[in-house]
Amino acid sequence: MTTAPSADLVMERLLQEATREFPGWDFDRGPSGWTAVRGETRFTRPSLAALRALLRVHWVVRRG
């Protein structure tokens, strides 16, 4: 019988992936969702997946 990973383990893995994908950003989970902060820049989204998608767009736009 296979056991499904707990929600905490899945979230921890997703957070590790986000940290690797976006070095220099600090990720935090708060009452209004997930926040990523780097210097003066701050983004907040309801889910970590939405936050990562936003950061990908932000990265492409900044690279021009």
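Keep in mind it's a predicted model, so treat the numbers as computed, not measured.

## A word on the sheet that holds strand β3 (residues 41–45)
Line of reasoning, step 1. Taken in spatial order, the three strands of this open sheet run β1-β2-β3, and their pairing is antiparallel. Only two strands of the sheet have a single partner each, and these edge strands are β1 (26–30) and β3. The mean angle between the axes of side-by-side strands here comes to 20 degrees, regardless of whether they run parallel or antiparallel.
Line of reasoning, step 2. Bridge count between β1 and strand β2 (residues 33–38): five bridges; the pairing is antiparallel.

## Some details on the pairing of β2
Line of reasoning, step 1. In sequence, β1 turns back onto β2 through a hairpin of two residues.
Line of reasoning, step 2. Two strands pair when backbone bridges link them, and β2 and β3 are joined in this way by five bridges, in the antiparallel orientation. Opposite Thr35, over in β3, you have Thr44 as the bridge partner.
Line of reasoning, step 3. Taken together, β2 and the strand that follows it, β3, pair antiparallel across an intervening segment of two residues, in which Gly39 is found at a positive phi of about 60 degrees.

## Some words on the nonpolar core
Line of reasoning, step 1. Among the nonpolar cores identified, the biggest contains ten residues, and these are Ala18, Phe22, Trp25, Phe27, Trp34, Ala36, Phe43, Leu48, Leu51 and Leu55.
Line of reasoning, step 2. Ignoring sequence-local partners within four residues, the contact set of Leu48 consists of Met11, Leu14, Leu15, Ala18, Phe27 and Trp34.

Calculation rules
- Residues numbered from 1 in each chain as written.
- Predicted model: local features only at pLDDT ≥ 70, side-chain atom pairs only at ≥ 80, totals over all residues.
- Heavy atoms only, no water.
- Pairing = 2+ DSSP bridges.
- Helix = DSSP H or I, 4+ residues; strand = E, 2+ residues; numbered from the N terminus.
- Axes fitted to C-alpha atoms, helices over the stretch in contact; angles between N-to-C directions.
- Core = buried A, V, L, I, M, F, W, Y, C linked by side-chain atoms within 4.5 Å.
- Buried < 20%, exposed > 50% of the residue type's maximum accessible area, 1.4 Å probe, protein only.
- Contact = heavy atoms within 4.5 Å.

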